[in-house]
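Each chain, written out:
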Amino acid sequence: MLEYPFCLNKNIDYPNVNSLITTIYYIIPHYPPKLSQKKLNNIFPMNGILPNGLRPDEASPEWLNKGDNGWELTAATMVGLQSVPGLVILYGSMVKKKWAVNSAFMALYAFASVLICWVMWAYQMSFGSGGISILGKPDQSTSELYLLGRYNNNTNTDTNNNNNDYYYIPTADYVFYQFAFAAITVILLAGSLLGRMNFYAWMMFVPMWVTASYTVGAYTIWGNGFLRKYEIIDYAGGYVIHLSSGVAGFTAAYWVGPRHRHDRQHFPPNNIINMLGGAGFLWMGWTGFNGGSPLAANGITSLAVLNTHVCTATSLLVWLSLDMVVYLKSSVIGAVQGMITGLVCITPGAGIVDTWAAVLMGILSGSIPWYTMMVLHKKSAFFQEVDDTLGVFHTHAVAGLLGGLLSGLFAKPNLLAMFYQTSTHRPGFLYGIFNGDFINGLRQMGYQVLGALFITVWNVVVTSLICILISRVIQLRMDEDDLEIGDDAAHGEEAYALWGDGVRDPPPLRFRMTPRIPSFCRRPGVNH
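Sequence order sets the numbering: in each chain, residues are counted from 1 along the sequence as written. Selection of residues for local features in this predicted model requires a pLDDT of at least 70, selection of side-chain atom pairs for listing and counting requires 80 or more, and totals for whole chains, interfaces and linings are taken over all residues. To get the side-chain values, take all heavy atoms of the structure and skip hydrogens and water.

Visitor: How do you make sense of the overall build of the protein when you look at a structure like this?
Guide: Secondary structure counts use DSSP, requiring at least four H or I residues in a row for a helix and at least two E residues in a row for a strand, with both numbered from the N terminus. Within the protein, the regular secondary structure consists of 20 helices and 4 strands. Each residue gets one of three labels from its accessible area relative to the maximum for its type: buried under 20%, exposed over 50%, partly exposed in between, using a 1.4 Å probe on protein chains only. Relative to its full complement of 528 residues, the protein shows a buried share of 53%. Note on contacts: a residue pair is in contact if any heavy atoms of the two residues lie within 4.5 Å. Contacts in the protein between residues far apart in sequence, at least 24 positions, make up 75% of those at least 6 positions apart. About 23,600 Å² of surface is accessible on the protein, with carbon and sulfur atoms providing 63% of the total. Surface accessibility in these figures is a Shrake-Rupley result with a 1.4 Å probe; residues are shielded only by whichever protein chains are displayed.

Visitor: It is not clear to me how helix H10 (residues 272-291) should be interpreted in this structure. Could you clarify?
Guide: One turn of an α-helix holds 3.6 residues; hence residues three or four places apart share an orientation. Given the number of residues in a helix, its expected span is that number minus one, multiplied by 1.5 Å. Over its 20 residues, H10 runs 29 Å from end to end, which matches the ideal 28 Å to within 8%, given 1.5 Å per residue. Of all the bends found along H10, the most pronounced is centred on Gly285 and spans about 30 degrees. Of all the residues in H10, the buried ones are Met275, Gly278, Ala279, Leu282, Gly285, Trp286, Thr287, Gly288, Phe289, Asn290 and Gly291. Along its buried surface, H10 packs onto helix H3 (66-94), helix H6 (171-190), helix H8 (238-256), helix H11 (299-327) and helix H12 (332-346). The bend reported for a residue corresponds to the angle between axes fitted to the seven residues ending at that residue and the seven starting there.

Visitor: In this structure, what is going on with the side chain of Gln178? I would like to understand it.
Guide: Summarising the element assignment, Gln178 is placed in helix H6. Excluding its chain neighbours within four sequence positions, the residues that come into contact with Gln178 are Trp118, Phe127, Tyr214 and Trp222.

Visitor: Looking at this structure, I do not really get the packing of aromatic side chains. What am I missing?
Guide: The way to describe two aromatic rings as a pair is by their centre distance and the angle between their planes. Two rings from Phe, Tyr or Trp (for Trp, the six-membered ring) form a pair when their centres are within 6.5 Å of each other. A pair whose planes differ by under 30 degrees is stacked, one over 60 is edge-to-face, and the rest are tilted. The tally for this structure, following the rule as stated, stands at 32 aromatic pairs. Taking the centre distance of 5.5 Å and the plane angle of 35 degrees together, the rings of Tyr123 and Phe127 count as tilted. A residue pair is termed a helical-turn pair when its members lie 3 or 4 positions apart in one helix, as Tyr123 and Phe127 do in helix H4 (residues 100-127) at 4 residues. Side by side, Tyr123 and Phe127 carry an identical accessibility label, which is buried. Geometrically, the ring pair formed by Phe250 and Phe383 is edge-to-face, given 5.7 Å between the ring centres and 75 degrees between the ring planes.

Visitor: Please explain the pairing of strand E4 (residues 166-170) as it appears in this structure.
Guide: In summary, the side chains of a regular strand alternate between the two faces of the sheet. Of all 5 residues that make up E4, 4 are buried, and the element is covered over most of its length. Judged from the 2 bridges that link them, strand E3 (residues 150-152) and E4 form a sheet pairing that is antiparallel. Pairing of Asn152 across the sheet is with Tyr166, part of E4. Strands are treated as partners if at least two bridges between them are detected by DSSP.

Visitor: Sorry if this is basic, but what is going on with the side chain of His377 here?
Guide: Position of His377 among the secondary structure elements: in helix H13 (residues 355-379). Note on His377: relative accessible area 16%, which makes it buried. Ignoring anything within four residues of it in the chain, the contact list for His377 reads Thr372, Phe383, Gln384 and His394.

Visitor: Just checking my understanding: could you explain the packing of H3 against H4 for this structure?
Guide: The packing of two helices is summarised by the inter-axis angle and the distance between the axes. In this analysis, axes come from line fits to C-alpha atoms, helices being fitted only over the stretch in contact, and the angle between any two N-to-C directions falls in the range 0 to 180 degrees. Running from N to C, H3 and H4 cross one another at 165 degrees; their axes reach a closest spacing of 7 Å. Put simply, H3 runs roughly antiparallel to H4. For the pair H3 and H4, the sense of crossing is right-handed. On H4, the residues touching Gly80, Ser83, Val84, Val88, Tyr91 and Gly92 of H3 are Ala100, Ser103, Ala104, Ala107, Leu108 and Phe111. Every angle not falling under 35 degrees, over 145, or within 65 to 115 is termed oblique; those three ranges are roughly parallel, roughly antiparallel and roughly perpendicular. Less than a right angle of anticlockwise turn of the near helix away from the far helix marks a crossing as left-handed, whereas a clockwise turn marks it as right-handed.

Visitor: Where do I start with the confidence of the model for the protein in this structure?
Guide: Detailed reading of the predicted coordinates is not advisable wherever pLDDT falls low. What pLDDT reports is the predictor's confidence in each residue, on a scale of 0 through 100. The pLDDT averaged across the protein works out to 86; a share of 83% of its residues lies at or above 70. Every residue in residues 1-22 scores below 50 in pLDDT, and together they form 34 contacts with partners more than four places removed in sequence or on other chains.

Visitor: Just checking my understanding: could you explain the pattern of salt bridges for this structure?
Guide: Pairing of side chains with opposite charge becomes possible as their charged atoms draw close. By salt bridge we mean one thing: a side-chain nitrogen of Lys or Arg within 4 Å of a carboxyl oxygen of Asp or Glu. Counting across every chain of the model gives 6 salt bridges. Lys96 is paired through a salt bridge with Asp263; the nearest N and O atoms lie 3.0 Å apart. Here the residue Lys96 occupies a position in the loop between H3 and H4, and Asp263 occupies one in helix H9 (residues 261-265), the gap between them amounting to 167 residues. Lys96 gets classed as buried once you look at its relative accessible area, which sits at 11%. Glu480 serves as the salt-bridge partner of Arg477, at 3.2 Å between the closest nitrogen and oxygen. Since its relative accessible area comes to 21%, Arg477 is described here as partly exposed. Linked through salt bridges whose partners overlap, the residues forming this network are Lys96, Lys98 and Asp263.

Take a look at the structure:
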């Protein structure tokens with residue numbers, strides 16, 4: 001019988017040493033007061049009671065949970081892999097052959113550019129303090145003291161729990177994880193602009209948009225902005241990432257202008273097999289995208305991962321079924337679009353809805369964006385005027401908005417309490433009706449609409465201003481002659497070492513002639 005002084009002074013009977021170690025392993029990282037090594041030794045004087053890997057040291061302070069830390073780094077890396085190489089491959093394969101290099105390079109450049117912006121000023125603008133109601137104060141996030149300190153989100157509004165702002169990971173984990181979110185947002189936006197945007201204009205656009213647009217969305221929804229008090233449900237970025245990228249991409253496409261008329265009429269993917277490989281990185285990487293949001297390896301993480309894949313598979317099958325019924329063909333590109341809309345739709349509610357709700361969200365995300373892309377887009381003169389190359393408005397803006405509203409409908413109270421670590425969060429509208437809390441449920445739906453409106457309006461206005469400003473310095477769209485050529489005109493490089501679409505001039509005639517052996521070299525009686 002061992003008295004456990006920091007566990008409510010209860011006597012706990014440990015049948016063996018292993019059960020004692022298991023309890024120590026669980027309680028110590030989750031116990032709020034910091035336990036020094038000296039206190040730990042006083043409580044457990046027996047030499048060797050803790051394995052070396054569990055003992056605190058300078059690199060592993062008492063508050064650090066190695067399981068949470070390892071998972072968060074893994075999740076952040078998976079999100080990064082969605083962009084590089086995921087979207088690099090997807091974009092480079094999904095476009096016409098003459099635009100493969102340019103499309104892939106736009107994604108690669110954005111990934112690198114966003115990282116530098118993020119650590120130098122954008123992270124603090126998104127999640128820092130000391131700023132205004134829509135934006136944090138710009139500052140660098142590079143000091144050892146800051147990055148290796150315990151992460152504190154400092155956004156919890158529940159005053160009943162003084163320790164729920166703290167997580168058991170270093171701040172560096174969260175900086176990197178949120179960078180991967182910021183980077184993929186800009187790269188998703190690029191999908192609307194492929195096949196004609198001046199690369200040098202894109203180089204200016206990326207840091208400007210991350211600084212002036214993305215940071216505001218993150219700060220107001222996730223940080224200390226003015227929308228914080230409304231507790232808008234956005235589990236992993238349905239509004240901050242997907243609605244933002246879809247609206248901004250469509251707006252930028254309007255200002256940049258359309259592709260070459262031949263490209264608009266005929267724009268086949270140059271490698272469907274590679275396209276599926278990139279789509280696979282995107283799908284599997286979403287395990288980290290939604291699984292990393294709790295910042296811990298806990299039950300909400302497990303539920304979020306399962307819901308993510310269930311919704312995605314459902315959406316893909318629904319989109320595929322609609323293609324087969326309407327067009328009598330099972331389109332691979334359509335299946336990829338259905339996959340993407342499912343991933344996007346579940347993102348704002350992955351860890352706070354039941355799995356049956358994830359199935360319903362998959363059905364709706366496979367059908368509503370399909371209708372807007374395959375039917376409404378073709379009938380609307382406005383949609384026809386704006387050349388959204390990969391249909392990012394439909395796959396991200398429509399699906400992101402749909403997911404945000406459905407999350408406000410299906411959010412389960414006990415899951416909300418576990419994820420947000422607060423007892424004050426309003427329930428989803430459906431549970432509000434069933435639990436006699438109709439007013440709060442309805443109010444939550446209203447706040448979901450409010451968040452969507454703010455993100456939409458802000459991105460339309462700021463993206464327009466950025467494009468207008470850049471156009472005063474450099475052309476947003478490539479020259480018409482260069483648009484006929486593509487990669488070779490933009491970068492002097494081609495994706496494939498084969499002559500054809502996108503080459504400036506055909507090879508010299510002599511390379512296309514069948515070589516003939518001079519007559520004096522021929523063997524008598526042999527027909528050459």
